[in-house]
Amino acid sequence: MFPEYDVIVVGAGHAGCEAAAAAANLGSKTLLVTMNMQTIAQMSCNPAMGGIAKGQIVREIDAMGGYSGIVSDQSTIQFRMLNRSKGPAMWSPRTQNDRMLFHLKWREMLENTPNLDFYQDMVKGMLIKDGKCTGVITGLGHEIKGKSVVLTNGTFLNGIVHIGEKNFGGGRMAEKAATGITEQLVSLGFESDRLKTGTPPRIDGRSLDYSKMEEQPGDDEVVGFSFLDIEKPKTQRSCWITYTNQAVHDVLKTGFDRSPMFAGRIDGVGPRYCPSIEDKINRFAERDRHQLFVEPEGWNTVEIYVNGFSTSLPEETQYEALRNIVGFENVKMFRPGYAIEYDFFPPTQLKYTLETNLIQNLFFAGQINGTTGYEEAACQGLMAGINAHQKAKALEPIILKRSDAYIGVLIDDLVGKGTKEPYRMFTSRAEFRTLLRQDNADLRLTELSYRLGLASQERMDKVINKRNSVEEIKTILKDFAVEPEEINSYFATINSAAITEKQKAQKILLRPDVELDELANSIPKLKDALSRFTTDSLEQASIQIKYDTYIEKEKELVKRMSQLEELEIPETFDYKKIASLGNEAREKLAKIKPRTLGQASRISGINPSDVQILMVFMGR
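In this report, the structure presented in the accompanying data block is examined.

Parameters and conventions
- Residues numbered from 1 in each chain as written.
- Predicted model: local features only at pLDDT ≥ 70, side-chain atom pairs only at ≥ 80, totals over all residues.
- Heavy atoms only, no water.
- Core = buried A, V, L, I, M, F, W, Y, C linked by side-chain atoms within 4.5 Å.
- Buried < 20%, exposed > 50% of the residue type's maximum accessible area, 1.4 Å probe, protein only.
- Helix = DSSP H or I, 4+ residues; strand = E, 2+ residues; numbered from the N terminus.
- Contact = heavy atoms within 4.5 Å.
- Patch = residues over 30% accessible without salt bridge, like charges linked within 9 Å, V, L, I, M, F, W, Y side chains within 5 Å.
- Areas by Shrake-Rupley, 256 points an atom, 1.4 Å probe, with all protein chains shown as cover.
- Salt bridge = Lys/Arg side-chain N within 4 Å of Asp/Glu carboxyl O.
- Lys, Arg positive; Asp, Glu negative; His and termini not counted.
- Charge placed at Lys NZ, Arg CZ, Asp CG, Glu CD.
- Pairing = 2+ DSSP bridges.
- Axes fitted to C-alpha atoms, helices over the stretch in contact; angles between N-to-C directions.
- Arc of directions from axis to C-beta.
- 1 Å grid on protein atoms, 1.4 Å probe; cavity = no way out; pocket = protein on both sides within 12 Å on 5 of 7 lines; lining within 4 Å.
- Points joined across faces, edges and corners; volume = space filled by probe spheres on them.
- Nonpolar A, V, L, I, M, F, W, Y, C, P; charged D, E, K, R; others polar.
- Polar contact = N/O pair within 3.5 Å; in protein donor to acceptor, adjacent residues only side chain to side chain.
- Phe/Tyr/Trp six-rings, centres within 6.5 Å; stacked < 30°, edge-to-face > 60°.

1. Structural notes on the nonpolar core
Part 1 of the reasoning: Ranked by size, the top nonpolar core spans 115 residues in total, and within it Leu151, Leu362 and Met383 carry the most contacts.
Part 2 of the reasoning: For this core, the element with the most residues is helix α9 (residues 374-392), which contributes 9 residues.
Part 3 of the reasoning: Excluding residues that lie within four positions of it along the chain, Met383 makes contacts with Met64, Thr353, Leu354, Ile398, Leu400, Ile407 and Ile411.

Here it is as structure tokens:
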């Protein structure tokens, strides 16, 4: 019934979809196995993509030839570029999405991907022979052979849903949990643990009074995620802001005695940076209100997502608390919020390719590795799909460094440091964030992906054109002389000092309060000289000129640090033989098996003297 596949992907969430698309587009005969074909790429929690640091990840996925950016742009109902008031290293794109359209566009793209088959069934275990994964076993008893297997089980591994004192098995509301995989992996020597996440109630938007809330419209310019030319929405839907209050907090506290979190019925650790509303009012008792974002679920639905009100309290407590929020006095609830507890496998058990250390040809991606968020899952799926293909075809692995991408930072953090709580990406986690901006993801990653065979010729042509255009713009600005009478009136409008002799446009652009578009609009000749370039190229040239000093400093730091990154440690290196290493260092190095001295230096508990000892024993 089934042929032998190059790559089998288990689970069709954000990680699974990207893994399947990457492997298939690279030429692997790929099978995507999911328990429900109707929930492919389901937005299980908030109907949004991107945000702080997460937006950079989506841009990187797109630059590599993944699908998340395209699908997000095709289903956008609102776009915002966050942190515009800060430097470009902090700019982060975010979309509000149509939940149903997002799923439909993803499925459509996958169904139009060559080399990709689908099968609806639960995977209950893997076929293992001589320390290698050779396929999967399904709930219906099928043994499907595959050269590489990628597990992207999300929150489904022995998932338990909690609402107040009620709990029942499930990977999401109204969807059954996946069983068998954890038990098999533990029997093979894997370490597993439990995590918890949650989601807020969904409510009827017709029952809200928006006149009492603060409107939050989208940006005038919809930039989007994809570097391809995706049609942008002509109109956008607003979100709304309201707040909890003391009355809301008092009602919520009445349910604390029946809270699965406070009663100890949940063993898993929840996300630190997206806590439940009961956790917030308990931990931050001094605050008399918390911000809530009232987010529409799509173009043609009245369903509303209450961002900031994640909860697992009893349904009646949730309802009474909601009614005390300003604008929610007559609220109707579609479904209550809930918590979900699930198995994950500490990611220190992985190689930097996301292949497991214990079993060859078996890869993990997404929440099974302890992460939270669609974007974090999707980028792991992309890299696991690429490396599952590479392994199936006996090709070299692809590993992004911390200086290459936020994706590289995320995987390096997971494998090198592990996580005891759901891992979320932040700009502060990246030491080279001036280099890893959202605007230059294509310049950083597309050429690599193109050589690999994933990014298309169209993408590569766009990168070449952009690179050439940026250099042309920089040359124009370097050579263009500006007379005082051409510019001083503009300087007066922005309270910037006038000039008394002509200056080059490039030097003027270095003033922190001068923007390139405003500068060009003030000087007709300059505007004409730049008129043939795209907004994207103009912005890129402006950023490179304004932040040149900072960019060069980071490049120099990368260069210095790369000396350690280039010193590879043989996979067979025996750390136990090095008596001068401490017990903790030997244990962690043997378990994590870092590829390079740079990666070894970032493992928690490894100190500089340990690295120096390794260098000596490696003959360096």
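2. Comments concerning a negative patch on the surface
Part 1 of the reasoning: On the surface, Asp513, Glu515, Asp517 and Glu518 cluster together into a negatively charged patch.
Part 2 of the reasoning: When you line up the elements, Asp513 lands in the loop between α14 (505-509) and α15 (516-522).

3. Description of the sheet that holds strand β17 (residues 303-307)
Part 1 of the reasoning: Spatial strand order, β14-β15-β16-β17-β13-β18: 6 strands in an open sheet with antiparallel pairing. The open sheet has two edge strands with one neighbour each: β14 (214-216) and β18 (333-335). Taken pair by pair, the neighbouring strands of this sheet meet at an average axis angle of 35°, ignoring direction.
Part 2 of the reasoning: Alignment of strand β15 (residues 239-243) against strand β16 (residues 291-296), held across 4 bridges, turns out to be antiparallel. Of the residues in β16, the one forming a bridge with Tyr243 is Gln291.

4. With respect to the sheet that holds strand β10 (residues 160-163)
Part 1 of the reasoning: Reading across from one edge, β11-β10-β19-β12 is the order of the 4 strands in this open sheet, with antiparallel pairing throughout. At either end of the open sheet lies a strand with only one pairing partner, and these are β11 (166-169) and β12 (193-199). If you compare each strand with its neighbour and ignore which way they point, the axes differ by 25° on average.
Part 2 of the reasoning: The pairing of β12 with strand β19 (residues 338-344) spans 7 bridges and is antiparallel. In the sheet register, Gly198 faces β19, and the bridge partner there is Ala339.

5. Overview of helix α19 (residues 583-592)
Part 1 of the reasoning: Buried within α19 we find Ala585, Arg586, Leu589 and Ile592. Relative to the axis of α19, the buried residues are bounded by an arc of 155° and lie together on one face. Among the exposed residues of α19, those pointing more than 90 degrees away from its buried face are Asn583 and Glu587.
Part 2 of the reasoning: On its buried face, α19 sits against α10 (406-417), α20 (597-601) and α21 (608-617).
Part 3 of the reasoning: Phi for Lys593, located one or two positions after α19, is positive at around 55°.

6. Regarding unusual backbone geometry
Trans is the prevailing form of peptide bonds, just as negative phi is the prevailing case for residues other than glycine.
Part 1 of the reasoning: In this structure, Asn361 takes a positive phi of about 70° despite not being glycine.
Part 2 of the reasoning: Tracing the backbone shows Asn361 in the loop between β19 and β20 (362-364).
Part 3 of the reasoning: We note that Ala394 has phi near 55°; this positive angle belongs to a residue other than glycine.
Part 4 of the reasoning: Here Ala394 lies in the loop between α9 and α10.

7. Observations concerning the environment of Thr348
Part 1 of the reasoning: Along the chain, the position of Thr348 falls in the loop between β19 and β20.
Part 2 of the reasoning: Spatially, the C-alpha atoms of Thr348 and Lys417 are 6.8 Å apart, while their sequence positions differ by 69 residues.
Part 3 of the reasoning: Beyond its immediate chain neighbours, meaning those up to four positions away, Thr348 contacts Asn357, Leu414, Val415, Lys417, Gly418, Lys591 and Ile592.

8. A closer look at the layout of surface pockets
Left-over empty space is what a probe sized like a water molecule reveals as it rolls over the atoms.
Part 1 of the reasoning: Approximately 1,400 Å³ is the volume found for the second largest pocket.
Part 2 of the reasoning: Thr535, Asp536, Ser537, Leu538 and Glu539 are the residues nearest the centre of the second largest pocket, which is lined by 49 residues in total.
Part 3 of the reasoning: Only α12 (457-479), α15, α16 (524-530), α17 (535-546) and α18 (548-565) provide two or more residues apiece to the lining of the second largest pocket.
Part 4 of the reasoning: Element by element, the count of residues in the lining of the second largest pocket is highest for α17, at 9 residues.
Part 5 of the reasoning: Among the residues making up the lining of the second largest pocket, the classes are represented as 19 nonpolar, 13 polar and 17 charged.

9. Brief notes about helix α6 (residues 246-253)
Part 1 of the reasoning: Among the residues of α6, those classed as buried are Val248, His249, Val251 and Leu252. Around the axis of α6, the buried residues are gathered within 160° of arc, so they sit on the same side.
Part 2 of the reasoning: Tucked into the core, α6 has its buried residues touching α7 (277-283) and α8 (315-323).
Part 3 of the reasoning: Its side-chain oxygen at 3.0 Å from the backbone nitrogen of Ala247, Asn245 defines the N-terminal cap of α6.

10. Some remarks on empty space enclosed by the protein
Part 1 of the reasoning: Enumeration over the complete set of coordinates arrives at 3 cavities of 30 Å³ or more.
Part 2 of the reasoning: The calculated volume of the largest cavity comes to roughly 100 Å³.
Part 3 of the reasoning: A class-by-class count of the residues in the lining of the largest cavity yields 3 nonpolar, 2 polar and 5 charged.
Part 4 of the reasoning: Of the voids in this model, the second largest cavity is the one considered here, and its volume is about 40 Å³.
Part 5 of the reasoning: Surrounding the second largest cavity, Ala63, Phe227, Asp442, Thr446, Arg459, Lys462 and Val463 form its lining.
Part 6 of the reasoning: Elements with a minimum of two residues in the lining of the second largest cavity: α11 (441-452) and α12.
Part 7 of the reasoning: At 3 residues, the largest contribution of residues to the lining of the second largest cavity is made by α12.
Part 8 of the reasoning: Residue classes in the lining of the second largest cavity are distributed as 3 nonpolar, 1 polar and 3 charged.

11. A closer look at the packing of aromatic side chains
Two measures describe an aromatic ring pair: the distance that separates the ring centres and the angle between the ring planes.
Part 1 of the reasoning: Counting across every chain of the model gives 9 aromatic pairs.
Part 2 of the reasoning: With a centroid separation of 6.2 Å and an interplanar angle of 85°, the aromatic rings of Phe190 and Phe345 are classed as edge-to-face. One end of the pair, Phe190, is in the loop between α5 (181-187) and β12; the other, Phe345, is in the loop between β19 and β20, with 155 residues separating them in the sequence. Per residue, the accessibility class of Phe190 equals that of Phe345, and both read buried.
Part 3 of the reasoning: Taken together, Phe190, Phe345 and Phe364 form an aromatic cluster joined through their ring pairs.

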